[in-house]
Amino acid sequence: MQQNRLAAGNLSAGMSENLHQLRCFGCGARISGVDARPDFRCADCGDLFEVEYPGWRERKGPDRPNPGALKWLWRERRCSSEGLDHSGVWRFRELLPILESFGNAVTLREGNTPLYHLPRAAKRLGIDQLFAKHQGMNPTGSFKDTGMTAAMSVAKERGFEWVACASTGNTSASMAAYAARAGLKSLVLIPDGKIAWGKLSQAMDYGAVTCQLKADFDGCLTLLTQIVNEAPIYLLNSVNPYRLEGQKTPALEIAEAFDWNVPDHLIVPGGNLGNSSALGKGFREMHELGLTARMPKISVIQAVGANPLVRSLAEHGGTSLEPVEAHTRATAIRIGNPASWRKAARAIQETGGWCLDVTEAEIAIAKAEIGAEGLGCEPASAVTLAGLKKLRAEGKIASSETVVLVLTGHTLKDADYTIDFHRGTLLTTDESAGREAEIASLQRNAQVVDATPAAVLAALKGRVG
Ligand code: F0G
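An account of the accompanying structure is given in this report. (Residues numbered from 1 in each chain as written. Predicted model: local features only at pLDDT ≥ 70, side-chain atom pairs only at ≥ 80, totals over all residues. Heavy atoms only, no water.)

Some words on empty space enclosed by the protein
Think of a ball as big as a water molecule: rolled over the atoms, this probe shows where empty space is left. Summed over the entire model, instances satisfying the criterion amount to three cavities of 30 Å³ or more. Taken as a whole, the largest cavity encloses approximately 310 Å³ of empty space. As for the largest cavity, its lining consists of 27 residues, of which Phe-143, Lys-144, Gly-271, Asn-272 and Ala-332 are closest to the centre. Put simply, the parts of the chain that give the lining of the largest cavity at least two residues each are helix H5 (170–182), helix H8 (241–247) and helix H10 (274–289). (1 Å grid on protein atoms, 1.4 Å probe; cavity = no way out; pocket = protein on both sides within 12 Å on 5 of 7 lines; lining within 4 Å. Points joined across faces, edges and corners; volume = space filled by probe spheres on them. Helix = DSSP H or I, 4+ residues; strand = E, 2+ residues; numbered from the N terminus.)

Next comes the structure, spelled out in C-alpha cells:
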C-alpha cells in the first residue's frame, strides 16, 4: 500500500478527499454539496444536479488526476489487502472524491463484476466481439449497489438516521442492505403488486420499513419527494447525484477490461434513466481526463409499453418529454416519467447512439437466449439483447464492432417470469403471434416423470445422441 501511495503521489494519500460541487443540469447553477435541497432539485429551475470536480479543469493543477499513475494504481489495488480496495467502486475513488473521508464509505464489496463473452448470440448476430457486463453479479443482485455504496456513504457521513427510496424493486433491495450495513433505518415505497417477489423479499430480509402503495413507480417517487421535503430523511433515488457517481464506475471497469480501448458500442436498458446517464458520465470523464481516446456509442433500450424517451427523441429531438402510462412485464423498467431523461438524452446524442423500444415477446426471447448462454438475467436486462438484434437488423452496427450489453439484474430476481415463460403462460397469443416456433425452441418446461431410470431416459428421447 505504501508503495502505491508513493507512486501515485497526491492522487491517493495527500489529496483532499472531497473535491466536488454540484452543477444544475438545466441552468448551470453551481452549489456546494451540503446546500442541495432534500429532493435534489435546483431551487432556480427545478432540474437535477450533476457532481463536478472543478480541480480537474486545471491541466497542471494539483487535483487533476494523472491517467498513467491511476491506471497503474487501480490495477495494483486488485491485490491490495485494504478493505476499500476490494470494492469495484472505491477502487476508483480518485474519480469520485465526494466524501470528507473515504473512511466513511459503506461498502459490501460491490462492483468488479464479470465481463462475459456471449459466443452463441455473437454467432447468430454475426458479430465477433459481443460481451455482457453482468451487473447482476453485485452483492444484492443488481447494478444499484454501485450507486448505493456512494450515496449511502454520503448519507452516513452527513449524519442522517433515515434513508428512503421509491422503487420498482432493485433500488429498495440495495438500499435496505446498505442501510443495514451503515446502521441506518430505511423506508421503501413500492407499487403494490407490481414488483418481483425476489426483490420485495430482500427489502424485508434487510429490515426496511416497506410500504406498498396503490400507485405506480412515478406516483411513489412523487409522494416520496413530498415526504423528504417535510422530514429529515435522505432520498436515495437516482435523482440523488451521488448515486450516479457510483454507477459511473462500471464504465471504468469496462475500459480497464479492454486495456483502456473502449468498446464501440454500449447498450443499456432505460427505466428512470439514471444508469445510462451515469455510464455516459463515466465514459465522458475518462475521455476528458485522457484515460481513454474516445467514447463508445451509448444506446438505450426501453419496453414498447414504457418508452417515453424513445418518443421524446423521435418526436421532439430530446428537448421535451411527455410522460406515458407504463405497462410491461419487465417490471424494473415500468416507468412512464423518467427523472434523468435529459441526462440520458445527452449521453445518446453526444455519442451517436440510438434509443429504441422492444416488444414483450422480444424481451422474453432475448432473456431465454441469455439464459441459454449460462448467464441469465432479469427481464429488464434482456432488452439490451433484443435491442441489439434490432440495431443489427437495421444495419446500425457493423460485424466488426465490439459491443457490450449491460445486464442490470440477476436472473433469480424474477423467477416467476422465467417459469411462466417456460411453461408457456407468460405471453398472450397476440404477443407471441408469428414467433411461436422461436419461443417453443427456447422453452424448457420441467416435466413430471416417474422415479425410474427408464422414465427419465425416455424424457431425454430426441434430445441426446
Ligand atoms: N434494469 C433493472 C434490473 C432495474 O432495476 C432498473 C431500474 C433498470 C434496468 C433501469 O435503470 O432506472 O437507471 O434507467 N430500477 C429502478 C428500481 C427504477 O427502483 O429498482 P434506470
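Notes on the site of the ligand
Taken together, 20 residues lie around the ligand, and Ser-167, Thr-168, Asn-272, Leu-273 and Thr-408 are the ones closest in. The contact in question runs from a nitrogen atom of the ligand to an N or O atom on the side chain of Lys-144, over 3.0 Å. A distance of 2.8 Å is found between an oxygen atom of the ligand and a side-chain nitrogen or oxygen belonging to Ser-167. If the ligand stood free it would expose 470 Å²; the protein chains cover 99% of that surface. The pocket occupied by the ligand, as judged from atoms lying within 2 Å of grid points, is the largest cavity. Contributions of two or more residues to the shell around the ligand are made by H5 and H10. (Near = heavy atom within 4 Å. Polar contact = N/O pair within 3.5 Å; in protein donor to acceptor, adjacent residues only side chain to side chain. Areas by Shrake-Rupley, 256 points an atom, 1.4 Å probe, with all protein chains shown as cover. Sits in = over half its atoms within 2 Å of the grid points.)

Describing the pattern of salt bridges
Evaluation of the coordinates by the stated rule reveals 29 salt bridges. In this structure, Arg-77 and Asp-85 form a salt bridge, with 3.5 Å as the shortest nitrogen-oxygen distance. For the pair Arg-77 and Asp-85, one class covers both residues: buried. Among the ionic pairs, Lys-199 bridges to Glu-378, the shortest N-O distance being 2.7 Å. Taken together, the positions of Lys-199 in helix H6 (residues 197–205) and Glu-378 in the loop between helix H13 (360–372) and helix H14 (379–393) put the pair 179 residues apart, joining distant regions of the chain. Each member of the pair, Lys-199 as well as Glu-378, is classed as buried. Each of Arg-77, Glu-82, Asp-85, Arg-93 and Glu-94 takes part in salt bridges that share partners, so that together they form one network. (Salt bridge = Lys/Arg side-chain N within 4 Å of Asp/Glu carboxyl O. Buried < 20%, exposed > 50% of the residue type's maximum accessible area, 1.4 Å probe, protein only.)

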